[in-house]
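Here's the letter readout for the chains.
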Amino acid sequence: TILEHVPPVPGYTDGDALRAQVFNLGYDNFLGRLAVARIYEGKISKGQSVVVKQAGVTQKTGKIVKLTTYQGVQQVEVGEASAGDIVLIAGLTDINIGDTISDTEDAEPLPAIDVDEPTVAMTFLVNSSPFAGREGKYVTSRQIGERLAKELEINVGLQVESIGDTFEVKGRGEMHTAILLENMRRGGYELSVSQPQVTVKEIDGVKSEPFEEVTIDIPSEYQGAVIERLSNRGFIMQNMVPHENQVRLLFEGPTRGLLGYKNQFIIDTKGEGILGSRFLEFRPYVGEIKKRQVGSMTSMATGKALGFALFNLQDRGELYIGAGAEVYEGMVIGNTNKGEEMVVNPTKGKQLTNVRASGSDDAIALTPHRPLSIELGLEIMQDDEYLEVCPQSIRLRKQKLKESERKKHLVK
């Protein structure tokens, strides 16, 4: 129906010389780097010799080894594609986002595509918890490094720096790095990551940090809570556009203030809000931002969590585990409402005696716990914690597992 009734976009023509632009990259173990391109003019075919113009200056030649297009979410190999199609091209190994593919050397290159620089950094390291190696197939520093090197082939917005046995990974936000972690987890990798931190740099002698523009669409009844939250996080409202019972809010503020906010945004808007953000530029550092209002509830024991213990703890905050979950000393099992750090024993059972009192044998009613996900873990973790990412499990833990070691560190 769309093909029959919707006219083609002006500028897409079959008769002209070929001009296609790469807007994403893929990777195949046998074919190497793949270019995902949009064809603006002309036709492209398997076996065709083409010219690649990089940044409008460098020209390289290559040959189309394999051509694939999309039918829905399925990839289908084809012999030819024309203007308006999106194709996967194999055979052009040294190609990047923004490059123009043409069949003549004098074709005018298409306008370049800018890739935003990374704004968020975190450390990837070998999982060293007591439960390390239980689920993962790839657990060593070398295997993690090889996987990150492979990711750099296609993920142009990612930067990786090796520091001993750890890796500093810089991405374009929490979601960018969360997707990478999820893909690694599904691939059998097991690792720990540190709290996300924004990249700070000196510009003309001034300490600067990344700023973002945030666009929010919400029911008007929630605008007060959203404005208050973002104002506390260093954001300044630029515009407000009401429409019937909805309102669109436009803010500008430091990326640092947006870290960990999206989960709170869902709660404040009862899941009815839409939040989008884009990187603006680096601006002068705005100072301390108070974001986290809850503390960590950390286990002091190793074993299985018991319903009796969790029942007594659930009034102190929100739990991340349920009855029967395995825990270890130093593992964060929940948060505390009042913001203080609390060390607890989730394995403590009920004292069994011959003495009975009214109400002592009532059934235990546990409030449903909130299981950790990668996104939630990256948002709520503190700077002295690691997120443990495994193929089946996501856990939060203190960097120093023993309470005595944490106290010594605070004294220093």
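Sequence order sets the numbering: in each chain, residues are counted from 1 along the sequence as written. The model is predicted, so local features are restricted to residues of pLDDT at least 70 and side-chain atom pairs to those at 80 or more, both for listing and for counting; the totals for chains, interfaces and linings are taken over all residues. With hydrogens and water stripped out, all remaining heavy atoms of the structure feed into the side-chain values.

Digging into helix α2 (residues 141-152)
Okay, step 1: Secondary structure follows DSSP: runs of H or I at least 4 residues long count as helices, runs of E at least 2 residues long count as strands, and numbering of each begins at the N terminus. One fewer than the residue count of a helix, multiplied by 1.5 Å, yields its expected span. For α2, spanning 12 residues, the distance from its first C-alpha to its last is 17 Å, which sits close to the expected 16 Å at 1.5 Å a residue.
Okay, step 2: Here α2 has its buried residues at Ser141, Gln143, Ile144, Gly145, Arg147, Leu148 and Glu151.
Okay, step 3: What makes two residues a contact is simply this: any of their non-hydrogen atoms within 4.5 Å. Residues of α2 that are buried in the fold lie against β11 (120-125), β12 (159-163), β13 (166-171), α3 (174-186) and β14 (191-194). In this scheme, a residue with accessible area under 20% of its type's maximum is buried, one over 50% is exposed, and one in between is partly exposed, where area comes from a 1.4 Å probe on protein chains only.

Examining the pattern of salt bridges
Okay, step 1: The rule for a salt bridge is simple: a side-chain nitrogen of Lys or Arg has to be within 4 Å of a carboxyl oxygen of Asp or Glu. Inspection of the entire model under this criterion finds 23 salt bridges.
Okay, step 2: In this structure, glutamate 326 engages arginine 134 in a salt bridge whose closest nitrogen and oxygen atoms are separated by 3.2 Å. One end of the pair, glutamate 326, is in strand β24 (residues 326-327); the other, arginine 134, is in the loop between β11 and α2, and 192 residues separate them in sequence.
Okay, step 3: Each of the salt bridges in this network shares a partner with another, and the network as a whole consists of Glu341, Asp384, Glu385 and Lys398.

With respect to the packing of α2 against α3
When two helices pack together, their arrangement is captured by the angle between the axes and the distance separating the axes.
Okay, step 1: A fitted line through C-alpha atoms represents every axis, and for helices the fit uses only the stretch in contact; the resulting angles, taken between N-to-C directions, go from 0 to 180 degrees. Two numbers describe how α2 lies on α3: the axes approach to 12 Å, and their chain directions differ by 125°. Taken together, the axes of α2 and α3 are oblique relative to one another. Here α2 and α3 pass one another in a crossing that is right-handed. Counted together, Ile144, Arg147, Leu148 and Glu151 of α2 and Leu180, Asn183 and Met184 of α3 form the full contact between these two elements.
Okay, step 2: Residue type decides the class: Asp, Glu, Lys and Arg count as charged, Ala, Val, Leu, Ile, Met, Phe, Trp, Tyr, Cys and Pro as nonpolar, and the leftover types, Gly among them, as polar. Class assignment of the residues belonging to the contact of α2 with α3 gives a composition of 4 nonpolar, 1 polar and 2 charged. For classification purposes, angles smaller than 35 degrees are called roughly parallel, those larger than 145 roughly antiparallel, those between 65 and 115 roughly perpendicular, and all remaining angles oblique. Each crossing gets its hand from how the near helix is turned against the far one by less than a right angle, where anticlockwise is left-handed and clockwise is right-handed.

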